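These are the residues of each chain, in order.
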Amino acid sequence: MAQPGEAIYFDGQSNRKRQVEIRFGGALEIVENGQLAEAWPYGDVRRVDSAPGVLRLMCVTTPGLARLEIRDAALQQVIEAHCRALDVAPTRSQTLKVVVYSAAALASFVGLLVYGIPLLADRLAPLLPLSFERRLGDAVDRNVQFIFRDRRCEPTAAGNAALQRLADQLRQASDLAIPFELRVLGTRVENAFALPGGKVYVAHGLLQKAKNPDEVAGVIAHEFGHLQHRDVLRSLIKDGSTGFLLGLLFGDVFGGGAMIAVTRSLLTNSYSRDAERDADRFSVETMHRLGRSPKAMGELLQRIEEPIAGQIPTILLSHPLTKERLATMTQADRPVSGPELLSPTEWAALQNICR
Amino acid sequence: VDQVVTPEQTFPVTPAGPAPIIFQNQRPQFRRMVLRGALLELITIGFYRFWLATNIRRHIWHSTSVEGDALEYTGTGKELLFGALLALAIFLPVYVVYFLIGIEAERMQAFASVPFGLFFYLFAQFAIFRARRYRMTRTVWRGVRFWMTGSGWDYAWRSALLMVLVILTLGLFLPWREAILERFKMRHSHYGDLQGRFEATGWEFFKKGIWIWLAIPGVMIAVSVVVAILAVVVWGTGSTDAGRMAGALAPVIFWLSAPFFYAAFKAVQWRWWVSGIRFGDVSFACTIRAKDLMGLYWKVIGWLLLILLLLGAALAAVAVVGALSANGGTFEQRLMFASQQWSVLLPMIVCYVFAALMATAVMRIYLVHDVVERIAETSFVYNLTAAEDVTARGAAVNAVGEGLADSLEIFGF
């Protein structure tokens, strides 16, 4: 039997330092002034953190925070030989467990991001009432109005009439089921966008850049496509839940914000490419029904894309005109069979709609 | 043969007067742990952070000892993970409600939802208090735990209101805010049956720190003016140009002097804070100087600049390789095309994450380990005999607060 040795004992009830003797009997015996104070079964003794050179022990079956401290190196070795479960869970296997579970979590996250969330958005968007979407749109509209508060467009009566005539023809041809409101923004930025709930904005700059009504009609029909497919609502659901998932994943350990922004824009880009393709198809079909050229929109976008020195057109950032899109529109081109959408006077009025 | 162990060997002789706080420097082990932890964080997409935070605390705690008895940290990574998951369950409905209220507010008035962000400040303060409570109850010395009571919301609204006063007074109110919050935290802190309190006053902090508040604009203005005068007198620059030069110089001087002033401020703050702590009749003192901290800050700045430089070079290299392998168009167009491809973005993200992890590791080494070491080494405990026969009280609390704060704060009471 091993020789007894000296140790310091804290009983967990008070912080009094008790000078004790360790004896190696049937269990690890803690003896104070010749009296047995405590007996710890060898299998229940665990090592806990301590200053270097000090072996600090606890017993898992003893309630409270009782601790035993051994400073003598020889005695430490004897204890290590007796207590086989001193380090019951080696940190390395624990770390491996964390790594494996994390890999599983990553797989499930990727699955959710790539398949789950788009599916959720596609299924959920049609179920949400239009009134909710309109409320959302109103909120966004407030911000649009604020941002462009110095660039309001007071439409002329003739210009407005031309715009409405164009919109009515497009609506009839496309069977757009969602009530819409078409407005012109008095900015030189060449852009057009749809808000959730039916508001469509066309920038004055785009109207001026266009060479004929077909080009503008194609763009408006494209935005109608976004309305019909409720794309903004879908992308909102996607953006919101993707952001939330990514935030959850990375916590803030990487200074998360930037990380999340990059990944999110990447994901939404790939989402929106599909949405753009669908909206293009919608535009092409509408123009076919009107007997007008679906290629016109592509030509307008191409003209806008021609790089202006040192300036990236804003439309490109959200609607990159890929070669693929242009090819689709060119392929779908048919000889013109329908009447002009606007008369030359109406077209002139539309181009100068802002007073 | 029985080894003779004299009481003197096992009980370090208590010197008459204050007992020093000893920090056993095991920096190489700490550095290895933090770097290895950073890699594991990368592999485990961040989940390892709970275990790394735990390991860092365990290391710091058991390196710190008073009268030969080291502190012990009894928290676990699993606790932090579950705390974070629970926090998420609490946070999800709050997030949804915040989103819906935000929409309604925006409908009435553009950007009306901005004030709701303030709610999250309140929430963060709540989390900070609860996280401190968790860390305290996981701290054990001589077999008796520290523990805490008090309501997180009581702390949160105090903290937020006092912050408003600090902003309104351009920071002059800061000492009193700190004093009030420390008094709140410390009177709810306990070691066994010893109750804590905080006895340093805002006025003391103000007197020690006001020179820094005055010196920052003072140095900026003085150096700019001297340079402007020199420019006019020595080089014969026009007074308008000299004025413009002085204006451009001021922010440069601010950033160059910031580490000095920050070190001075932190030294004042630490000395004041440590000197205010009481547990029963036990009191503390700290003699840390600004120069003890300044070197650490400059080292962190140096490392971060280096990491930033390397990151910039890596990102540029990836972008150029991506653009060169794309075909058609001008270089700018190809660059733009490349910037939308996964094959280019993914390496960029990995570079970015890796750099961020290295930066975090640097900060953990210098701003956590080394700062704690400097403070412990300059701190003393008075009247330790008053903590000689303390009865255990209090119980461990859950880690939800830590989860809400996402174990951001490694150390700090």
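Residues numbered from 1 in each chain as written. Chains lettered and ligands numbered in written order. Predicted model: local features only at pLDDT ≥ 70, side-chain atom pairs only at ≥ 80, totals over all residues. Heavy atoms only, no water.

Now for the overall build of chain A. Along the backbone of chain A there are 12 helices and 10 strands. Across the 355 residues that make up chain A, the buried fraction comes to 50%. Split by element, the accessible area of chain A, about 16,900 Å² in all, is 55% carbon and sulfur. (Helix = DSSP H or I, 4+ residues; strand = E, 2+ residues; numbered from the N terminus. Buried < 20%, exposed > 50% of the residue type's maximum accessible area, 1.4 Å probe, protein only. Areas by Shrake-Rupley, 256 points an atom, 1.4 Å probe, with all protein chains shown as cover.)

Next up on the list: the sheet that holds strand β6 (residues 55–59) of chain A. All names here are of chain A. An order of β4-β3-β2-β1-β7-β6-β5 is seen for the seven strands of this open sheet, with the pairing classed as antiparallel. The open sheet terminates on both sides in strands that have one partner only, identified here as β4 (35–40) and β5 (45–48). Looking at each pair of strands side by side, their axes are set apart by 35 degrees on average, direction ignored. Each of β1 (5–10), β2 (18–24), β5, β6 and β7 (67–70) touches helix α1 (residues 73–82); the most contacted strand, β2, lies at about 50 degrees to it. (Pairing = 2+ DSSP bridges. Axes fitted to C-alpha atoms, helices over the stretch in contact; angles between N-to-C directions. Contact = heavy atoms within 4.5 Å.)

This next bit is on a nonpolar patch on the surface. All names here are of chain B. On the surface, a cluster of nonpolar side chains totalling about 960 Å² of accessible area is made up of Ile221, Val225, Val226, Ile229, Leu230, Val232, Val233, Val234, Trp235 and Met245. Considering every element that reaches the nonpolar patch, the biggest residue donor is helix α8 (residues 202–234), with eight residues. Take Ile229: it is sitting in helix α8. According to the relative accessible area criterion, Ile229 is partly exposed, its value standing at 48%. (Patch = residues over 30% accessible without salt bridge, like charges linked within 9 Å, V, L, I, M, F, W, Y side chains within 5 Å. Salt bridge = Lys/Arg side-chain N within 4 Å of Asp/Glu carboxyl O.)

What follows covers the side chain of Arg145 of chain B. Mapped onto the fold, Arg145 of chain B is located in strand β6 (residues 144–148). A distance of 2.8 Å separates the side chain of Arg145 of chain B from the backbone oxygen of Thr137 of chain B, its partner in a polar contact. For Arg145 of chain B, the contacting residues outside a window of four places in its chain are Leu65 of chain A together with Thr137, Thr139, Val140, His190, Tyr191, Gly192, Arg393, Gly394, Ala395 and Ala396 of chain B. (Polar contact = N/O pair within 3.5 Å; in protein donor to acceptor, adjacent residues only side chain to side chain.)

Below, the discussion takes up the confidence of the model for chain B. Reading predicted coordinates in detail is not appropriate for stretches of low pLDDT. Residues and elements named next belong to chain B. Of the residues in chain B, 88% reach a pLDDT of 70 or more, and the chain-wide mean stands at 85. Mean pLDDT per element in chain B: helix α1 (residues 7–10) is the minimum at 41, and helix α7 (residues 174–187) is the maximum at 96. In the model, residues 407–412 has pLDDT below 50 throughout and makes 20 contacts with residues more than four positions away in sequence or in other chains. ipTM for the predicted complex: 0.80, alongside a pTM of 0.75. (pLDDT = per-residue confidence, 0-100.)

All names here are of chain B. In contact at an axis separation of 7 Å, α8 and helix α9 (residues 239–276) are set at 155 degrees when each is read in the N-to-C sense. As far as their axial angle goes, α9 and α8 are roughly antiparallel. For the crossing formed where α8 meets α9, the hand is right-handed. Residue composition of the contact of α8 with α9, by class: 24 nonpolar, four polar and two charged. (Parallel < 35°, antiparallel > 145°, perpendicular 65-115°, else oblique. Left-handed = near helix turned anticlockwise from the far one by under 90°. Nonpolar A, V, L, I, M, F, W, Y, C, P; charged D, E, K, R; others polar.)

Once that is clear, we can look at the packing of aromatic side chains. Residues and elements named next belong to chain B. Summed over the entire model, instances satisfying the criterion amount to 25 aromatic pairs over all chains. When the ring of Phe205 is compared with that of Trp272, the centres are 4.5 Å apart and the planes differ by 25 degrees; the resulting orientation is stacked. Remark: Trp272 occurs in helix α9 and Phe205 occurs in helix α8; sequence separation between them is 67 residues. With a relative accessible area of 2%, Phe205 lands in the buried category. A connected cluster of aromatic rings, assembled from ring pairs, spans Trp141, Phe146, Tyr191 and Phe279. When the ring centre of Tyr366 is taken as origin, the NZ or CZ atom of Arg27, which lies over that ring, is 5.2 Å away. (Phe/Tyr/Trp six-rings, centres within 6.5 Å; stacked < 30°, edge-to-face > 60°. Lys NZ or Arg CZ within 6 Å of the ring centre and 35° of its normal.)

Along its length, helix α2 (residues 91–127) of chain A reaches its greatest deviation from straightness, about 45 degrees, at Leu112 of chain A. The complete set of buried residues in α2 of chain A reads Thr95, Val98, Ser102, Phe109, Leu113, Ile117, Pro118, Ala121 and Ala125 of chain A. (Bend = angle between axes of the 7 residues up to and from the residue.)

Residue and element names in this part refer to chain A. As summarised here, the arrangement of the three strands in space is β8-β10-β9, forming an open sheet in which the pairing is mixed. Edge positions in the sheet fall to β8 (181–185) and β9 (192–194), since each has one partner strand and no second. Sheet twist, expressed as the mean angle between neighbouring strand axes with direction ignored, is 15 degrees. Of the strands in this sheet, β8, β9 and β10 (199–203) are in contact with helix α6 (residues 213–228), which crosses β9 at around 20 degrees.

Relative to the elements of secondary structure, Gly43 of chain A occurs in the loop between β4 and β5. For the pair Gly43 of chain A and Leu86 of chain A, spaced 43 residues apart in sequence, the C-alpha separation works out to 7.8 Å.

Our focus in this paragraph is the state of the cysteines. Residues and elements named next belong to chain A. This model, assessed by the stated rule, comprises one disulfide over all chains. What pairs with Cys153 in a disulfide is Cys354, and their sulfur atoms sit 2.0 Å apart. Between Cys153 and Cys354, the S-S torsion sits near -110 degrees, and that sign places the bridge as left-handed. Of this pair, Cys153 sits in the loop between α3 (130–147) and α4 (157–174) while Cys354 sits in the segment after α12 (344–351), placing them 201 residues apart in sequence. Exposure remark for Cys153: the relative accessible area of 12% places this residue in the buried category. Of the cysteine sulfurs around Cys59, a residue in no disulfide, the closest is that of Cys83, at 9.5 Å. (Disulfide = S-S within 2.5 Å.)

If a strand is regular, its side chains alternate between the two faces of the sheet. Residue and element names in this part refer to chain A. Of all six residues in β1, five are buried, a share of seventy percent or more. Relative to β2, β1 runs antiparallel, the two sharing five bridges. Note on β2: the bridge partner recorded for Glu6 is Glu21. Across three bridges, the pairing between β1 and β7 is antiparallel.

Counting residues in hydrophobic clusters, the biggest one holds 86 residues, and the most contacted among them are Ile56, Ile60, Tyr191 and Phe279 of chain B. When near neighbours in sequence (up to four residues on either side) are disregarded, Phe279 of chain B contacts Met136, Phe146, Met186, Ser189, His190, Tyr191, Leu194, Gln195, Gly196 and Phe284 of chain B. Ranked by size, the runner-up nonpolar core spans 41 residues in total, among them Cys153, Leu227, Met297 and Cys354 of chain A. (Core = buried A, V, L, I, M, F, W, Y, C linked by side-chain atoms within 4.5 Å.)

Further remarks concern the environment of Leu206 of chain A. Residue and element names in this part refer to chain A. Position of Leu206 among the secondary structure elements: in helix α5 (residues 204–209). Between the C-alpha atom of Leu206 and that of Leu195, which follows or precedes it by 11 residues, the distance is 18 Å. Beyond its immediate chain neighbours, meaning those up to four positions away, Leu206 contacts Val189, Glu190, Asn191, Ala192, Val219, Leu300 and Ile304.

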